[in-house]
Amino acid sequence: MPKITEKEIEYVAKLARLELEPREVEKMTHHIGLLLDYAAKLQELDTGDIQATTHSQDISNAFREDVAFISLDREAALQNAPQQNGEFFVVPRII
Amino acid sequence: MDLYSLTLHEAKEMLESGDISAVQLTESVLARMDAVEGTIRAYITRNKEGALEAARKADSLRSQGKAGLLCGLPIGIKDVLCTSDLKTTCGSKILENFQPPYDATAVEKLKKQGAVITGKLSMDEFAMGSSSETCAFSVPVNPWNTEHVAGGSSGGSAASVAACECLASLGTDTGGSIRQPASFCGTVGLKPTYGRVSRYGMIAYASSFDQIGPLTRDVADCALMLRAIAGFDPKDSTSLNQPVPDYSSSLKDGLSGIRIGVPEEYFGLGLHEDVNKVVKKAIDMLRDAGAEIIEISLPHTEYSLAAYYLIAMAEASSNLARFDGVRFGFRADDCSSLDELYRRSRSLGFGQEVKKRILLGTYALSSGYYDAYYKKASQVRSLVRRDFKEAFGKCDLICSPVSPVPAFAFGETSKDPMAIYLSDILTISSNLTGIPSISIPGGFSVDGLPIGVQLQGPHLAEELLFQAGWNLEQRTGIKGKTPDLTGAI
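On a predicted model such as this, the values are computed, not experimentally measured, just so you know. (Residues numbered from 1 in each chain as written. Chains lettered and ligands numbered in written order. Predicted model: local features only at pLDDT ≥ 70, side-chain atom pairs only at ≥ 80, totals over all residues. Heavy atoms only, no water.)

### Quick look at the overall build of chain A
This is how the line gets drawn: A run of H or I in DSSP counts as a helix once it spans at least four residues, and a run of E counts as a strand once it spans at least two, with each numbered from the N terminus. The globule rule is 2.2 Å times the number of residues to the power 0.38, and the radius of gyration it is compared with is taken over C-alpha atoms. Note on contacts: a residue pair is in contact if any heavy atoms of the two residues lie within 4.5 Å. Methods summary: accessible areas were calculated by the Shrake-Rupley approach with a probe of 1.4 Å, and residue burial reflects only the protein chains presented. Here Asp and Glu are counted as negative and Lys and Arg as positive; His is not counted, and neither are the chain ends. The location of each charge is read from NZ of Lys, CZ of Arg, CG of Asp or CD of Glu.
When helices and strands are counted, chain A shows 3 helices and 0 strands. In chain A, the order of α-helices and β-strands from amino to carboxyl end is α-α-α. At 22 Å, chain A has a C-alpha radius of gyration far larger than the 12 Å of a compact globule built from 95 residues. For chain A, long-range pairs separated by at least 24 residues make up 26% of all intrachain contacts whose partners lie at least 6 apart in sequence. Element-wise, carbon and sulfur atoms account for 51% of the exposed surface of chain A, whose accessible area totals about 7100 Å². The average position of the 10 basic charges and that of the 17 acidic charges among the side chains of chain A differ by 7 Å.

### Things to note about the side chain of Lys 376 of chain B
We count it as follows: Only protein chains enter the calculation, and the probe is 1.4 Å; a residue is then buried if its accessible area is under 20% of its type maximum, exposed if over 50%, and partly exposed in between. In the sections that follow, a salt bridge refers to a side-chain nitrogen of Lys or Arg positioned within 4 Å of a carboxyl oxygen of Asp or Glu.
Inspection of the secondary structure assignment puts Lys 376 of chain B in helix α12 (residues 371-394). Asp 46 of chain A is the oppositely charged side chain nearest to the buried, salt-bridge-free Lys 376 of chain B, at an N-O distance of 5.9 Å. Setting aside residues no more than four positions away along its own chain, Lys 376 of chain B makes contact with Leu 42, Gln 43, Leu 45 and Thr 47 of chain A together with Asp 371 of chain B.

### Some remarks on the confidence of the model for chain B
Predicted coordinates in areas of low pLDDT are best not read in detail. Selection criterion: pLDDT is a residue-level measure of predictor confidence that goes from 0 to 100.
Chain-level pLDDT for chain B is 97 on average; 100% of the residues reach the 70-or-more range. Confidence metrics for the complex model read pTM 0.98 and ipTM 0.96.

### Considering the sheet that holds strand β13 (residues 450-456) of chain B
Residues and elements named next belong to chain B. Stated precisely, the cut-off is as follows: We treat two strands as partners when DSSP finds at least two bridges between them. The convention used is that axes are lines fitted to C-alpha atoms, helices contributing only their stretch in contact, and that angles between N-to-C directions extend from 0 to 180 degrees.
Pairing is mixed across the open sheet formed by 11 strands, whose spatial order is β1-β3-β2-β6-β8-β7-β12-β13-β11-β9-β10. Because the sheet does not close on itself, it has two edges, and the strands there are β1 (43-46) and β10 (292-296). Going across the sheet, the axis of each strand differs from the next one's by a mean of 30°, ignoring polarity. Of the pairings in the sheet, the one linking strand β11 (residues 397-401) to β13 comprises 4 bridges and is antiparallel in character. Residue pairing for β13: Ile 398 is matched across the bridge by Gln 456. Here helix α4 (residues 105-112) sits on the sheet in contact with β2 (74-78), β3 (116-121), β6 (168-173) and β8 (211-216), set at roughly 175° to β2.

### A word on the packing of helix α9 (residues 301-319) of chain B against α12 of chain B
Residue and element names in this part refer to chain B. Note the cut-off: Under this scheme an angle from 65 to 115 degrees is roughly perpendicular, one under 35 degrees roughly parallel, and one over 145 degrees roughly antiparallel; angles in between are oblique. Crossing handedness follows the turn of the near helix against the far one: under a right angle anticlockwise gives a left-handed crossing, and clockwise gives a right-handed one. Asp, Glu, Lys and Arg are counted as charged, while Ala, Val, Leu, Ile, Met, Phe, Trp, Tyr, Cys and Pro are counted as nonpolar; the rest, among them Gly, fall into the polar class.
Packing of α9 against α12 brings their axes to within 8 Å, and their N-to-C directions diverge by 130°. By the angle between their directions, the pair α9 and α12 is classed as oblique. Between α9 and α12 lies a crossing of left-handed hand. Here Thr 301, Tyr 303, Ser 304, Ala 307, Leu 310, Ile 311 and Ala 314 of α9 come into contact with α12, specifically with Tyr 373, Tyr 374, Ala 377, Ser 378, Val 380, Arg 381, Val 384 and Asp 387. Residues that form the contact of α9 with α12 fall into these classes: 10 nonpolar, 3 polar and 2 charged.

### Examining the interface of chain B and chain A
Using the following cut-off: Summed over both partners, the accessible surface that disappears when two parts come together, traced with a 1.4 Å probe, is what is meant by buried area. In the analysis that follows, any N or O atom pair within 3.5 Å is treated as a polar contact, provided that within protein one partner can donate a hydrogen and the other can accept it, and provided that, for residues neighboring in sequence, both atoms belong to side chains.
With 68 residues of chain B at the interface, the matching set in chain A holds 53 residues. A buried area of about 5500 Å², summed over both sides, lies between chain B and chain A, and 65% of it is on carbon and sulfur atoms. If you look at where chain B meets chain A, you find 4 salt bridges. Lys 355 of chain B is the salt-bridge partner of Glu 24 of chain A, the closest N and O atoms lying 3.0 Å from each other. Taken together, chain B and chain A are joined by 26 residue pairs in polar contact (both at pLDDT 80 or more). Mapped by element, the contributors of at least two residues to the side of chain B that touches chain A are α9, α10 (338-349), α11 (352-365), α12, α13 (419-422) and α14 (428-433) of chain B. In terms of residues, the side of chain B that touches chain A owes the most to one element, α12 of chain B, which gives 13 residues.

Pasting the structure below:
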């Protein structure tokens with residue numbers, strides 16, 4: 001697989017909502033390149049018809065009775081907000 | 001004997017017989033904390049007032065005949081678990097002032113059993129690391145040699161138990177984060193079966209691997225702690241609805257009829273000679289206890305690490321999207337748009353290692369690369385599971401080293417960015433497969449650093465791990481050995 005480029009790191013950073021300094025882009029490209037080189041090892045294995053494992057236990061959906069219960073009250077839910085008005089989280093103007 | 005150096009079960013007996021009070025025990029631990037914490041740096045937040053108050057309450061409950069399983073016992077909590085009365089930083093600047101509105105289920109269970117919470121323990125930022133050096137606050141040192149790391153990510157959980165700054169602690173293990181620091185600091189550390197302990201209130205790193213477990217001074221304490229925290233929780237949809245046995249009853253002498261597999265792949269290149277010696281000796285001790293030792297093979301071991309990191313980072317990139325400066329945590333000032341607020345809050349709040357893992361995880365999940373990385377890794381995860389399934393057809397437990405090397409010196413791993421990842425090779429398979437795994441102190445390196453022995457078992461085989469671990473512990477001749485910290489006081 002071709003080596004990951006600085007441009008790709010910048011693109012991925014944008015997707016992940018991260019801003020990187022130019023020297024960070026350089027360092028991340030190098031470090032992530034090393035990790036991806038190492039991960040290339042997996043391509044040696046033929047995994048054609050192997051089912052992917054996303055969960056280590058053989059459990060599927062976990063259902064519960066659909067009953068109402070008391071959840072976190074508003075004050076507690078807002079207590080850690082950097083900015084709130086007693087009812088809502090406040091963010092910069094969107095539209 | 002100083003009360004702070006007691007095991008949980010010793011202290012419990014003394015509390016039950018009325019020889020000591022919970023307040024006396026807690027005062028001893030807090031005084032020890034004052035004496036050594038300047039050197040050990042195991043805590044991010046200490047809970048002195050709260051601990052004394054809880055101890056007084058514990059004494060009162062005991063006098064009323066209402067003592068729980070852990071009544072009056074001082075226990076520390078890794079700072080990744082939410083606590084309603086103590087801030088929870090996850091070792092990150094982005095959560096520096098986060099005060100959770102509720103307790104994690106494991107913490108709630110400890111409190112319900114009367115435990116005295118001593119504080120919140122240091123860790124790698126968001127549990128991402130193997131040395132606790134990525135912590136944004138206090139980086140713990142190894143109590144056996146302060147120029148070496150305590151391990152990670154649950155470094156504070158291991159260092160605090162080894163340095164007697166609490167009697168036991170809770171850690172979390174995503175790829176070895178309980179077992180490796182336990183091995184480095186000479187404590188017992190258990191990663192339970194995935195789903196055995198509720199993850200509710202644990203700040204998620206890689207949700208399909210994360211598991212909470214105890215770090216303790218001996219196996220009996222570990223069994224006691226697991227009994228207190230295990231069990232089904234409707235708030236964690238992956239928690240297992242299985243009865244919780246009295247784990248303490250599995251601590252019995254002898255291992256006859258038990259087959260212990262030794263995987264050749266775990267003794268390969270890069271294994272430190274002292275580690276090899278200690279583990280080989282431990283295998284002889286298990287044989288002496290009556291176990292049958294057989295050679296086994298786990299052929300996909302060399303691929304497991306790459307699969308592990310791709311999946312863990314992919315899951316992390318998704319889990320850490322919640323830190324956006326809106327509902328909790330750090331927010332950058334003077335942002336004119338919502339997107340700028342997300343970007344700047346995250347960029348200023350996260351450290352380098354966390355950013356790296358988010359970037360790689362995002363890349364592995366991104367369009368065009370998903371099949372080559374995330375899907376491929378998840379398929380290889382199936383192959384690793386198959387290896388273990390086949391191995392457990394031939395043996396009941398697997399014995400190996402925990403880490404290929406004893407505790408690294410500070411800064412040692414910074415020269416080679418891959419080295420610290422590679423050192424997780426022997427612990428990550430338990431997380432890929434969800435099986436329980438324990439680290440038992442086995443001996444010391446020539447330089448005096450502790451070396452742990454790892455036992456892995458099939459799903460829900462914790463009792464067998466305790467039985468074998470306890471038998472090993474009786475034979476190593478190092479039980480009760482503690483680091484000399486007189487220089488630190």
